[in-house]
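In case you want the letters, here they are:
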Amino acid sequence: METTEAFDGLECTDCGATFDATELGRCPDCDAPLDAVYDYDAVDIDRETLSPRPHEGLWQFDALLPFPASTAITTAEGATPLVEAPRFTDELDVERVVIKDDGRNPTGTTLDRGFSVAMTAVAQQERDDVTIASPGNGAQSLAAYAGRANVRHHSFVPSRSTFHNKAMTNVHGGDMRVVGGRFPDAVEAKADGVLDGWVDLQEFTTPYRHEGVKTLAYEIAAGLDWTVPDAVVVPTGTGEFLVGVEKGFRELQTVGLVDDVPRLVAAQPEGCAPIATAWERGLETPEPWSGPDTICGELEITDPAGGELALRALDATDGAAVTVADDDALESAYSAARYEGIEMGANAGVAAAGAWELADEFDSDATVVLLNTEAGGKSSDLLRSHLMGKGI
Ligand SMILES: [Zn+2]
């Protein structure tokens, strides 16, 4: 496989065994997730080379990715803007609130970053079939990248997945199976339906999805002129976004581009909060959540694959975890659209609402980044229903 100069292979996050890039799944020895590792002394990168080049998307950072940009399956994902949020700044009574508007990715979610890197690995190995189970956004994103790579994709989505996601997954082509019930039912159907030779691109099964997400940290640091914000509030389901963002900031610190890492805040819906609950209880591994109940389907992840790694990321950044009511998530997404002009999906509204939960802890000179992981159009029906519920 064609890899970058600094890429040193894959390392097991539990037993420490190492593998080369041909390993596409979890650790063959202990079944823990694998993580890409680098020789940071060999990374040829400085602030100049990291200045934004939007037409290249996240692949402008390939010095810190496993694969060179010349091999990428890409639709110029990443390179999304940091947008000032003056109304939120006033309301939170801090120096600055900025929204990292990752809803502007090709299929409207942060997931595009990870699928670009993961599909690049699959394409290099000339594999023919990929699969995931997804609440919905992941199926659409995978469909886009698999289509571009001319690889067959097999998605298992729950019936509650939104019309938008199901429709666009169909439009991108491939094989979508709608499973009655919720996300765990789709996971079960995938386990029964997977055929030999299909590459599983579930987060933390492929080593590369959180690897793509880490570029968010590079863009946030570059956008803030290489200062580190006081907090980054992250909508949290599987742990993929939290783990990726922590890794990205840690790498920037290692190569000397920033002095510190920001405090990461995991925001989860009250109706499904295994990571936040484990954090509050001081557990190393989240306990599976029983009886999930939230309108934020993307975050209704009862047994998060990256739960343990997410808790480690919170610990490493002196982080925090908050839970929010569905109504507050919807109200925050509505407020972002109404007062800041930024379209934010209900799942991302969990991060905005989460910042309010911590308002008392922010200093008046704090810079707070809210991660908008999902375009508003992904949940327009929910947002409009919320509005009608207010009598508007
Ligand atoms: Zn292992």
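Residues numbered from 1 in each chain as written. Predicted model: local features only at pLDDT ≥ 70, side-chain atom pairs only at ≥ 80, totals over all residues. Heavy atoms only, no water.

1. Here's the deal with the overall build of the chain
Basically, it comes down to this: Comment: elements are numbered from the N terminus, with helices defined as DSSP H or I runs of at least four residues and strands as E runs of at least two. Only the C-alpha atoms count toward the radius of gyration. The rule for a globule is 2.2 Å times the residue count to the power 0.38. By definition in these notes, contact holds between two residues if any of their heavy atoms fall within 4.5 Å.
Helix and strand content of the chain: 13 helices and 13 strands. Here the chain has a C-alpha radius of gyration of 19 Å; the compact-globule value for 392 residues is 21 Å, and the two agree. Dimensions of the chain, computed from C-alpha atoms along their principal axes, come out at roughly 55 × 50 × 40 Å. Summarising the internal contacts of the chain: among those between residues at least 6 apart in sequence, 70% fall at separations of at least 24.

2. Some words on the coordination of the zinc ion
What counts, and what does not: The rule for donors is simple: N, O or S, within 2.8 Å of the metal, or within 3.2 Å if the metal is Na, K or Ca. Water isn't counted, so a site may look like it is missing partners. For four-coordinate sites, all angles between 85 and 135 degrees define a tetrahedron; for four- and six-coordinate sites, opposite donors beyond 155 degrees with the remaining angles between 65 and 115 define square planar and octahedral shapes respectively, and all other cases count as irregular.
Here the zinc ion is held by the protein donor atoms Cys 12 (SG), Cys 15 (SG), Cys 27 (SG) and Cys 30 (SG), which lie 2.3 to 2.4 Å from it. What the four donor atoms of the zinc ion show is an angle range of 98 to 118 degrees at the metal, which sorts the shape as tetrahedral. Here the donor residues for the zinc ion map to a single chain with the spacing C-x2-C-x11-C-x2-C. With a gap of 15 residues between them, Cys 12 in strand β1 (residues 7–12) and Cys 27 in the loop between β2 (18–19) and β3 (34–38) connect regions that are remote in the sequence.

3. Considerations on the pattern of salt bridges
Stated formally: Salt bridges are counted wherever a side-chain nitrogen of Lys or Arg sits within 4 Å of a carboxyl oxygen of Asp or Glu. Exposure is judged per residue with a 1.4 Å probe applied to protein chains only, and the accessible area is read against the type maximum: over 50% gives exposed, under 20% gives buried, and values in between give partly exposed.
In total, this model carries 23 salt bridges according to the counting rule given. For Asp 101, the salt bridge identified is with Arg 104, shortest N-O distance 2.8 Å. The buried category is assigned to Asp 101, whose relative accessible area is 5%. Between Lys 390 and Glu 331 there is a salt bridge, with the nearest N and O atoms lying 3.0 Å from each other. Highlighted residues: Lys 390 in the segment after α13 (380–389) and Glu 331 in helix α11 (residues 326–340), separated in sequence by 59 residues.

4. Some remarks on the sheet that holds β2
Just so we agree on the cut-off: A strand pair is defined by DSSP finding two or more bridges across the two strands.
Ordered in space as β2-β1-β3, the three strands form an open sheet in which the pairing is antiparallel. Across the chains shown, the open sheet's two edge strands, defined by having one partner strand only, are β2 and β3. As paired elements, β1 and β3 share five bridges and run antiparallel to each other. Among the inter-strand pairings, Gly 9 is bridged to a residue of β3, identified as Val 37.

5. Notes on the domain arrangement of the chain
Note the threshold: A domain assignment, automatic or from a database, supplies the domain bounds used here. Note: buried area is the sum, over both parts, of the accessible area (probe 1.4 Å) each one loses when the two are combined. Think of a polar contact as two N or O atoms within 3.5 Å of one another; within protein, one of them needs to be a possible hydrogen donor and the other a possible acceptor, and neighboring residues in sequence only count if both atoms come from side chains.
Segmentation of the chain into domains returns domain 1 (82–109 + 208–389) and domain 2 (112–200). In this structure, domain 1 and domain 2 have C-alpha centres spaced 24 Å apart. Facing 26 residues of domain 1, the contacting portion of domain 2 comprises 23 residues. Note on domain 1 versus domain 2: buried area summed over both sides is about 1,900 Å², and carbon and sulfur give 49% of it. For domain 1, the biggest contributors to the area lost against domain 2 are Thr 107, Arg 209 and Lys 378; these three give 31% of the whole. Summed over the shared surface of domain 1 and domain 2, the result is four salt bridges. Here Glu 300 and Arg 182 are joined by a salt bridge, their closest N and O atoms 2.6 Å apart. Counting every contact that joins domain 1 to domain 2 gives 14 residue pairs in polar contact (both at pLDDT 80 or more). At the level of elements, α6 (209–213) and α7 (215–223) are the ones that each hand at least two residues to the side of domain 1 that touches domain 2.

6. Digging into the packing of aromatic side chains
Worth spelling out the cut-off: Only the six-membered ring of Trp is used, alongside the rings of Phe and Tyr, when aromatic pairs are assigned; centres must lie within 6.5 Å, and planes under 30 degrees apart are stacked while those over 60 apart are edge-to-face, with the rest tilted.
For the coordinates displayed, the defined rule picks out six aromatic pairs. Each residue in the set Phe 7, Tyr 38, Tyr 40, Phe 67 and Tyr 208 is aromatic and connected to the rest through ring pairs, giving one cluster.

7. Details of helix α9 (residues 274–281)
Of the residues making up α9, those classed as buried are Pro 274, Ile 275, Ala 276, Thr 277 and Ala 278. Of the surrounding elements, those touching the buried residues of α9 are β11 (263–269), α10 (307–316) and β12 (320–324). Just downstream of α9, Gly 282 is the residue with a positive phi angle, here 75 degrees.

8. Re empty space enclosed by the protein
Applicable threshold: Using protein atoms alone on a 1 Å grid, points that fit a 1.4 Å probe yet trap it form a cavity, whereas open point sets bounded by protein on both sides within 12 Å along at least five of seven lines form a pocket; residues with an atom within 4 Å of a point count as lining. Grid points are joined across faces, edges and corners, and a volume is the space filled by probe spheres set on the points. Note that Gly is not counted as nonpolar here; it falls among the polar residues with everything else outside the nonpolar set of Ala, Val, Leu, Ile, Met, Phe, Trp, Tyr, Cys and Pro and the charged set of Asp, Glu, Lys and Arg.
Tallying each qualifying case throughout the model produces one cavity of 30 Å³ or more. Of the pockets and cavities examined, the largest cavity occupies roughly 270 Å³. Every residue lining the largest cavity is counted, 27 residues in all, and those nearest its centre are Leu 111, Thr 238, Glu 240, Phe 241 and Glu 298. Mapped onto the lining of the largest cavity, the elements with two or more residues apiece are β6 (129–133), α3 (137–149), β10 (231–235) and α8 (240–254). With three residues, the top contributor of residues to the lining of the largest cavity is α8. Looking at side-chain class alone, the lining of the largest cavity contains eleven nonpolar, eleven polar and five charged residues. When residues of the lining of the largest cavity are sorted by domain, at least three fall in each of domain 1 (82–109 + 208–389) and domain 2 (112–200).

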